[in-house]
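Residue strings, one per chain:
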Amino acid sequence: MQVDPFIDPHPNLTPAVLQGLGWLYLVLCAMNLWWTIRVYREDKHVMVPVLNIELPRATFWALYTSALMIVGFMHVSWTNEDYIDRFPLVLEPGGPFQTAIDFVVANPVTYFMISISGTIAVLWFRKFLVQPTVGWILLNAAVLFQALSMTDYDFRQIVGKPDNVPIVALLYLVGGFTWLYFYKAVENDRRLAEWDGEGPIPVLENDENEKVLVWPDLVYSELICMIAITTLLIVWGIVLEAPLEEPASSAKTPNPSKAPWYFLGLQEMLVYYDPWLAGVVFPTMILGGLMAIPYIDFNRIGNGYYVFRQRAFSIITFLVGFITLWVAMIVLGTFLRGPNWNIFGIYEYWDVHKLEALNNVMLSELFYLDWFGQFFDMPSYGNDDPMGKKVSMILLRELPGFAVIGIYFVALPPLLAITCLRTFYQRMGYLRFMVFTQLLLWMAALPLKMVLRWALNLKYLVNIPEYFFNI
Amino acid sequence: MSVGDYIRGSQIWKSIFRHPAPYDRRNRVVVMLTNFFLHLHPVSVKQQGIALSYTWCMGGITFFLFLVETITGVLLMFYYRPTLEWAYQDILALRDVTTLGIMREIHRWGAHAMVITVWLHMYRVFLTGSYKPPREFNWVVGVLLLVLTLLLSFTGYLLPWDQLAIWAITVGSNMARATPVLGHEGPGFQLLNLGGYDLITSGSDARFLLLGSRFVGEETLNRFYILHCVAIPLAAAGLIAIHFWRIRKDGGISQPL
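About the criteria used
- Residues numbered from 1 in each chain as written.
- Chains lettered and ligands numbered in written order.
- Predicted model: local features only at pLDDT ≥ 70, side-chain atom pairs only at ≥ 80, totals over all residues.
- Heavy atoms only, no water.
- Helix = DSSP H or I, 4+ residues; strand = E, 2+ residues; numbered from the N terminus.
- Buried < 20%, exposed > 50% of the residue type's maximum accessible area, 1.4 Å probe, protein only.
- Areas by Shrake-Rupley, 256 points an atom, 1.4 Å probe, with all protein chains shown as cover.
- Lys, Arg positive; Asp, Glu negative; His and termini not counted.
- Charge placed at Lys NZ, Arg CZ, Asp CG, Glu CD.
- Rg over C-alpha atoms; globule rule 2.2 N^0.38 Å.
- Contact = heavy atoms within 4.5 Å.
- Pairing = 2+ DSSP bridges.
- Domains from an automatic or database assignment.
- Buried area = accessible area lost by both parts, 1.4 Å probe.
- Salt bridge = Lys/Arg side-chain N within 4 Å of Asp/Glu carboxyl O.
- Polar contact = N/O pair within 3.5 Å; in protein donor to acceptor, adjacent residues only side chain to side chain.
- Phe/Tyr/Trp six-rings, centres within 6.5 Å; stacked < 30°, edge-to-face > 60°.
- Core = buried A, V, L, I, M, F, W, Y, C linked by side-chain atoms within 4.5 Å.
- Patch = residues over 30% accessible without salt bridge, like charges linked within 9 Å, V, L, I, M, F, W, Y side chains within 5 Å.

## Considering the overall build of chain A
In step 1: From N to C terminus, chain A includes 17 helices and seven strands.
In step 2: Counting only C-alpha atoms, chain A reaches 85 × 75 × 55 Å along its principal axes.
In step 3: Put simply, chain A has 471 residues, and 44% of those count as buried.
In step 4: Accessible area for chain A stands at about 24600 Å²; split by element, carbon and sulfur atoms hold 69% of it.
In step 5: In chain A, the 29 positive side-chain charges and the 40 negative ones have mean positions that sit 8 Å from each other.

Okay, structure coming up:
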């Protein structure tokens, strides 16, 4: 790896990158120093199996912290450009690590499976994950993964884009706050399980809950918070210049053309649904559904404290909606979608000429040609046919799709009401239950269409291009 | 007598604050009741209700970022002209020559941060079940504020008038073209016609309403500028007032019931 741009225009390592990473490692080192002291104060010991001696747990954290310090100083002091290609801590381009990661993320099927199974795993193993040591190790692993990945040129191109920095921050914040939620919810679940129903509810939020004066208790923390945010914005503004590209030109379409990052979940939906659904109907349903939450959640308990078991259904639904279908989709749209909206690995070069075979089919074709071709003919019409014949032929052609959608939205809710959601129906009443199931079915419509696309190459269930009506 | 005591004893100071400094319990109560800015808060709250690990402070930060955006936004308006001729040039000048051009950076990063803090605020309110009665309606107001935050960010995205701006807005607003019935490429647009003439065309559909033109052009810039600087901030300010007022009226800061 040479830094000279005439030899390698895409250097994996530059002195500036090493400097930046060095500071990142030193910050991580300082964080772990604090953690080591914390562990040391707890004064717990572990037996080392082979050596048969007992060591304080802090020993291992101290060793790790020291290693981080050495690594950090190594980065900041490795400034000689002649030696930069001999820097040891770098991801091997195209090596097994990069290949494995890219293989998993650069495929919508595995990507979605990982995000959904990750959400389920977090819910399932929540008691294990909320241990502070586990949380701390996960945080360290995330930072180390990011730091190592930053030694890759293509990774830096996309993650280091000024407008994408907030998404990285969002990931850490969502991860951290989700951990904090489960930390409190698991403890409250445990307390509520042991509760005999006497006195005030024994949640964390009721411990030492005296009334305090807003001045100074709240006013001062608000002031400190305002100062901290102002400082953060100023430092962020100094370190990172706001992006400004070439002057606008309606003749030069960039490839890929992306919406602002917070809408990339919706843009990703365009892969599976037409604009009238992905861009208009789905956003309306999302916002309407959010507004409807207080009116369809009939569960009156769990107000004002973090809890999981008392509200398991609503929490799971919200987590799947927010993390799997919103945040993970934004990450996919921002970091993995490249030219021609093809999907690229995080270490992969954005090749404009990458080709992906697309032979999408319609449900009507599957039905009339593939599955039941020997019984029916594909309904068709000529341009000179009268309007009535055209419309009836179109409707006949799309009958299978209309049947599927009809069953999904009309027949499924009553079926759910008498089977697995029977208690919900009894407690919610007719109207509330219908609104609730419709919203739930709309939410499930995106992953279901994804599965249909991956399994059958299905593009549309109903395909009426004559009237821009495709589902 | 120290200078501080002299100032606090002067007629000017007393006319502004009307009571002694909040050093004792009585005056700490009085300051909350007599100060316009502080009267948004109650006099006292439950200790756990304001614990940082409970509230995450995200709603407060969002409001503070709204104020930061307003102040930096007004400063930027002094330098920015929303015309094809000047928009890009003025941003260039802000970057290269204008004193305190960093206001643009603070404005942009603050906007990104605000989108994140709004989401996290909603996340916290959901996870603590704080949307449950009696706060149902305030949750609805909150969702509307979320929409306005996204629209503020979206309309502001166009103003630098660079490649990033117009293509992001083009991609975003192309959706409106497909609005059912009201978009000229949406299902059922043929329903609105008068004697065989379509009422919904590329020059009269939902996208045209949004852009003021058939494509992202000077009319769009003007339209988004007014939405960004006047219309949406006013609507957001009104809803924020309602949101805060309802917190107090719906039983104060979220607590175990």
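Let us keep going from here.
## A few points about the overall build of chain B
In step 1: Secondary structure summary: chain B contains 11 helices and three strands in total.
In step 2: Whereas a compact globule of 257 residues would reach a radius of gyration of roughly 18 Å, chain B reaches 24 Å, over 25% beyond that.
In step 3: Overall, the C-alpha framework of chain B stretches about 85 × 50 × 30 Å when taken along its three principal axes.
In step 4: Residues counted as buried form 50% of the 257 residues belonging to chain B.
In step 5: Nonlocal contacts in chain B, meaning residues at least 24 apart in sequence, comprise 60% of its contacts between residues at least 6 apart.

## Examining the pairing of strand 1 (residues 45-48) of chain A
Strand residues, when the strand is regular, have side chains that alternate between the two faces of the sheet.
All names here are of chain A.
In step 1: The pairing of strand 1 with strand 2 (residues 53-56) spans four bridges and is classified as antiparallel. Across the sheet, residue Met-47 finds its bridge partner in strand 2, namely Glu-54.
In step 2: Connecting strand 1 to the antiparallel partner strand 2 that follows it, the hairpin turn spans four residues, and Asn-52 within it adopts a positive phi of roughly 60 degrees.

## A closer look at the domain arrangement of chain A
The parts lose accessible area when they come together, and the size of an interface is often stated as this lost area.
All names here are of chain A.
In step 1: Split into domains, chain A comes out as domain 1 (1-90), domain 2 (92-199 + 257-356) and domain 3 (361-470).
In step 2: Inter-centroid distance (C-alpha atoms) of domain 2 to domain 3 is 29 Å.
In step 3: Between domain 2 and domain 3, the contact holds 25 residues from the first and 22 residues from the second.
In step 4: Among the residues of domain 2 in contact with domain 3, Tyr-272, Ile-296 and Phe-298 are the three that bury the most area, contributing 29% of the side total.
In step 5: In this assembly, domain 2 and domain 3 are joined by zero salt bridges.
In step 6: The tally of links between domain 2 and domain 3 comes to seven residue pairs in polar contact (both at pLDDT 80 or more).
In step 7: Breaking the side of domain 2 that touches domain 3 down by element, the ones donating at least two residues are helix 4 (108-124), helix 11 (275-296) and helix 12 (312-336).

## Remarks on the packing of aromatic side chains
In step 1: Tallied over the full model, the rule gives 54 aromatic pairs over all chains.
In step 2: Centre to centre, the rings of Phe-313 of chain A and Phe-424 of chain A are 4.9 Å apart; their planes meet at 70 degrees, and the pair counts as edge-to-face. In this pair, Phe-313 of chain A sits in helix 12 while Phe-424 of chain A sits in helix 16 (residues 422-428), placing the two residues 111 residues apart along the sequence.
In step 3: You can call Phe-424 of chain A buried: its relative accessible area is 16%.
In step 4: With a centroid separation of 5.3 Å and an interplanar angle of 80 degrees, the aromatic rings of Phe-36 of chain B and Phe-37 of chain B are classed as edge-to-face.

## Examining the nonpolar core
In step 1: Core analysis: the biggest nonpolar cluster contains 128 residues, and Trp-261 and Tyr-262 of chain A together with Trp-119, Trp-139 and Leu-158 of chain B have the highest contact counts within it.
In step 2: At 14 residues, helix 12 of chain A tops the list of elements feeding residues into this core.
In step 3: With 22 residues, the next largest nonpolar core counts Ile-229 and Leu-240 of chain A together with Leu-65 and Ile-240 of chain B among its residues.

## Here's the deal with the interface of chain A and chain B
In step 1: Listed as interface residues are 96 residues of chain A and, on the opposing side, 91 residues of chain B.
In step 2: A buried area of about 8500 Å², summed over both sides, lies between chain A and chain B, and 72% of it is on carbon and sulfur atoms.
In step 3: Summed over the three residues of chain A that lose the most area to chain B, namely Trp-215, Leu-244 and Asn-303 of chain A, the buried surface amounts to 9% of that side.
In step 4: Across the chain A-chain B interface, the total number found is two salt bridges.

## Regarding a nonpolar patch on the surface
Residues and elements named next belong to chain B.
In step 1: Taken together, Met-1, Val-3, Tyr-6, Ile-7, Ile-12, Trp-13, Ile-16 and Phe-17 make up a surface patch of nonpolar side chains, about 920 Å² in accessible area.
In step 2: Looking at the nonpolar patch, the elements that each hand over two or more residues are helix 1 (3-9) and helix 2 (11-17).
In step 3: Of all the elements, helix 2 adds the most residues to the nonpolar patch, at four residues.
In step 4: For Ile-12, a relative accessible area of 64% corresponds to the exposed category.

## Looking at the domain arrangement of chain B
In step 1: Taken domain by domain, chain B holds domain 1 (1-44) and domain 2 (45-249).
In step 2: Look at where the C-alpha atoms of domain 1 of chain B and domain 2 of chain B centre, and you get two points 38 Å apart.

## Re the environment of Trp-245 of chain B
Residues and elements named next belong to chain B.
In step 1: Here Trp-245 is to be found in helix 11 (residues 218-249).
In step 2: Trp-245 sits in the exposed class, given a relative accessible area of 55%.
In step 3: For Trp-245 and Arg-124, which are 121 residues apart along the polypeptide, the C-alpha to C-alpha distance reads 20 Å.

## Here's the deal with the side chain of Arg-311 of chain A
In step 1: Topologically, Arg-311 of chain A is positioned in the loop between helix 11 and helix 12.
In step 2: Lacking a salt bridge, the buried Arg-311 of chain A has Asp-297 of chain A as its closest oppositely charged neighbour, with an N-O distance of 4.6 Å.
In step 3: With residues up to four places along the chain from it excluded, the contact list for Arg-311 of chain A reads Asn-299, Ile-301 and Gly-302 of chain A together with Phe-126, Leu-127, Thr-128, Gly-129, Tyr-131 and Lys-132 of chain B.

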